[in-house]
Amino acid sequence: CSDWDLGGEDSADDRDILEGRTIFVCNPPWGLRLTEDIDESWVSLREFLRREAGGCESWVLSGNKDLTKILRMKKSRTVVVKTADEDLRWLQYHIFQKREVSSEQLSRTN
(Lines give C-alpha, C1' and ligand atoms only; values in the text may rest on other atoms or scores of the structure.)
Protein backbone atom coordinates (compact mmCIF):
# COMPACT_ATOMS: atom_id res chain seq x y z
CA CYS A 1 0.00 0.00 0.00
CA SER A 2 2.82 2.43 0.80
CA ASP A 3 4.31 1.74 -2.64
CA TRP A 4 1.16 2.49 -4.59
CA ASP A 5 1.63 4.96 -7.39
CA LEU A 6 -0.87 6.06 -9.98
CA GLY A 7 1.77 6.90 -12.55
CA GLY A 8 2.73 10.30 -13.83
CA GLU A 9 6.09 12.00 -13.62
CA ASP A 10 7.31 13.16 -10.22
CA SER A 11 4.14 14.20 -8.43
CA ALA A 12 0.36 13.98 -8.42
CA ASP A 13 0.25 17.43 -10.08
CA ASP A 14 1.70 15.92 -13.27
CA ARG A 15 -1.17 13.48 -13.78
CA ASP A 16 -4.19 14.01 -15.97
CA ILE A 17 -7.42 13.94 -13.99
CA LEU A 18 -10.47 12.69 -15.84
CA GLU A 19 -13.45 15.02 -15.74
CA GLY A 20 -16.29 13.83 -13.59
CA ARG A 21 -16.22 11.54 -10.61
CA THR A 22 -13.03 9.72 -9.65
CA ILE A 23 -13.56 6.99 -7.08
CA PHE A 24 -11.08 4.83 -5.15
CA VAL A 25 -12.55 1.62 -3.73
CA CYS A 26 -10.64 -0.60 -1.33
CA ASN A 27 -11.04 -3.45 1.10
CA PRO A 28 -8.12 -3.14 3.53
CA PRO A 29 -7.55 -5.84 6.16
CA TRP A 30 -9.74 -5.48 9.24
CA GLY A 31 -8.73 -8.52 11.27
CA LEU A 32 -10.77 -11.49 10.06
CA ARG A 33 -8.43 -13.32 7.66
CA LEU A 34 -5.40 -11.05 7.64
CA THR A 35 -4.17 -10.24 11.12
CA GLU A 36 -0.57 -9.08 10.66
CA ASP A 37 0.42 -5.42 10.17
CA ILE A 38 -3.20 -4.29 10.08
CA ASP A 39 -2.56 -0.87 11.63
CA GLU A 40 0.34 -0.33 9.21
CA SER A 41 -1.96 -1.10 6.27
CA TRP A 42 -4.47 1.53 7.41
CA VAL A 43 -1.75 4.13 7.97
CA SER A 44 -0.45 3.42 4.45
CA LEU A 45 -3.97 3.76 3.06
CA ARG A 46 -4.36 7.15 4.80
CA GLU A 47 -1.04 8.35 3.38
CA PHE A 48 -1.96 7.11 -0.09
CA LEU A 49 -5.34 8.84 -0.10
CA ARG A 50 -3.85 12.13 1.09
CA ARG A 51 -0.98 11.97 -1.40
CA GLU A 52 -2.73 10.58 -4.50
CA ALA A 53 -6.48 11.11 -4.20
CA GLY A 54 -6.98 14.84 -3.63
CA GLY A 55 -10.32 15.93 -5.05
CA CYS A 56 -11.58 12.35 -5.33
CA GLU A 57 -13.99 10.13 -3.50
CA SER A 58 -13.04 6.96 -1.64
CA TRP A 59 -15.14 4.01 -0.51
CA VAL A 60 -13.53 1.80 2.13
CA LEU A 61 -14.99 -1.55 3.25
CA SER A 62 -14.46 -2.23 6.95
CA GLY A 63 -15.61 -4.62 9.60
CA ASN A 64 -13.72 -2.93 12.42
CA LYS A 65 -14.75 0.52 13.65
CA ASP A 66 -11.52 1.03 15.59
CA LEU A 67 -9.37 0.58 12.49
CA THR A 68 -11.23 3.20 10.50
CA LYS A 69 -10.20 5.79 13.09
CA ILE A 70 -6.62 5.38 11.86
CA LEU A 71 -7.61 7.17 8.64
CA ARG A 72 -8.30 10.37 10.62
CA MET A 73 -10.91 11.41 8.07
CA LYS A 74 -14.53 12.34 8.44
CA LYS A 75 -16.79 9.94 6.60
CA SER A 76 -19.45 11.37 4.32
CA ARG A 77 -21.71 8.35 4.25
CA THR A 78 -22.06 4.83 5.63
CA VAL A 79 -23.72 1.87 3.92
CA VAL A 80 -24.29 -1.21 6.09
CA VAL A 81 -23.63 -4.56 4.42
CA LYS A 82 -24.25 -8.00 5.93
CA THR A 83 -22.29 -10.83 4.39
CA ALA A 84 -22.16 -14.32 5.89
CA ASP A 85 -21.96 -13.65 9.64
CA GLU A 86 -20.14 -10.32 9.28
CA ASP A 87 -21.59 -6.84 9.69
CA LEU A 88 -19.57 -4.62 7.39
CA ARG A 89 -19.67 -0.96 6.45
CA TRP A 90 -18.89 0.79 3.19
CA LEU A 91 -17.55 4.15 4.28
CA GLN A 92 -17.47 7.07 1.87
CA TYR A 93 -14.83 9.76 2.23
CA HIS A 94 -14.39 12.90 0.15
CA ILE A 95 -10.69 13.64 -0.14
CA PHE A 96 -10.09 17.36 -0.34
CA GLN A 97 -7.36 18.94 -2.47
CA LYS A 98 -4.42 20.28 -0.54
CA ARG A 99 -4.59 24.03 -0.30
CA GLU A 100 -1.62 25.90 -1.64
CA VAL A 101 -0.23 28.40 0.81
CA SER A 102 0.96 31.67 -0.66
CA SER A 103 4.12 33.38 0.57
CA GLU A 104 1.90 36.18 1.94
CA GLN A 105 -0.02 33.69 4.09
CA LEU A 106 3.24 32.17 5.30
CA SER A 107 4.60 35.55 6.34
CA ARG A 108 1.43 36.27 8.35
CA THR A 109 1.88 33.11 10.41
CA ASN A 110 5.52 33.85 11.27
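This text gives an overview of the structure that appears in the document.

Cut-offs and rules
- Residues numbered from 1 in each chain as written.
- Predicted model: local features only at pLDDT ≥ 70, side-chain atom pairs only at ≥ 80, totals over all residues.
- Heavy atoms only, no water.
- Pairing = 2+ DSSP bridges.
- Helix = DSSP H or I, 4+ residues; strand = E, 2+ residues; numbered from the N terminus.
- Axes fitted to C-alpha atoms, helices over the stretch in contact; angles between N-to-C directions.
- Buried < 20%, exposed > 50% of the residue type's maximum accessible area, 1.4 Å probe, protein only.
- Phe/Tyr/Trp six-rings, centres within 6.5 Å; stacked < 30°, edge-to-face > 60°.
- Contact = heavy atoms within 4.5 Å.
- Expected span 1.5 Å × (residues − 1).

## Points about the sheet that holds strand β4 (residues 86-94)
Sheet strands line up and pair through hydrogen bonds in the backbone, either parallel or antiparallel.
Logical step 1: Spatially, β1-β2-β4-β3 is the arrangement adopted by the 4 strands of the open sheet, whose pairing is mixed. For this open sheet the edge positions go to β1 (23-26) and β3 (77-83), each flanked by a neighbour on one side alone. Taken pair by pair, the neighbouring strands of this sheet meet at an average axis angle of 15 degrees, ignoring direction.
Logical step 2: As defined by bridge partners, β3 adjoins β4 across 7 bridges and the pair is classed as antiparallel. Pairing of T83 across the sheet is with E86, part of β4.

## Details of the environment of N64
Logical step 1: Topologically, N64 is positioned in the loop between β2 (57-62) and α2 (65-68).
Logical step 2: What makes N64 partly exposed here is its relative accessible area of 24%.
Logical step 3: A C-alpha to C-alpha distance of 9.2 Å links N64 and D87, two positions 23 residues apart in sequence.

## Let's talk about the packing of aromatic side chains
Logical step 1: Counted under the stated rule, the structure contains 1 aromatic pair.
Logical step 2: Where F24 meets F48, the ring centres are 5.5 Å apart and the plane angle is 85 degrees; that geometry is what we call edge-to-face. With a gap of 24 residues between them, F24 in strand β1 and F48 in helix α1 (residues 38-52) connect regions that are remote in the sequence.
Logical step 3: According to the relative accessible area criterion, F48 is buried, its value standing at 4%.

## Some thoughts on the side chain of S58
Logical step 1: Here S58 shows up in strand β2.
Logical step 2: If sequence neighbours within four positions are ignored, S58 has contacts with F24, L49, L91, Q92, Y93 and I95.

## Description of α1
Logical step 1: The end-to-end C-alpha distance of α1 is 21 Å, a good match for the 21 Å that 15 residues give at a rise of 1.5 Å each.
Logical step 2: Buried residues along α1 sit against β1, β2 and α2.

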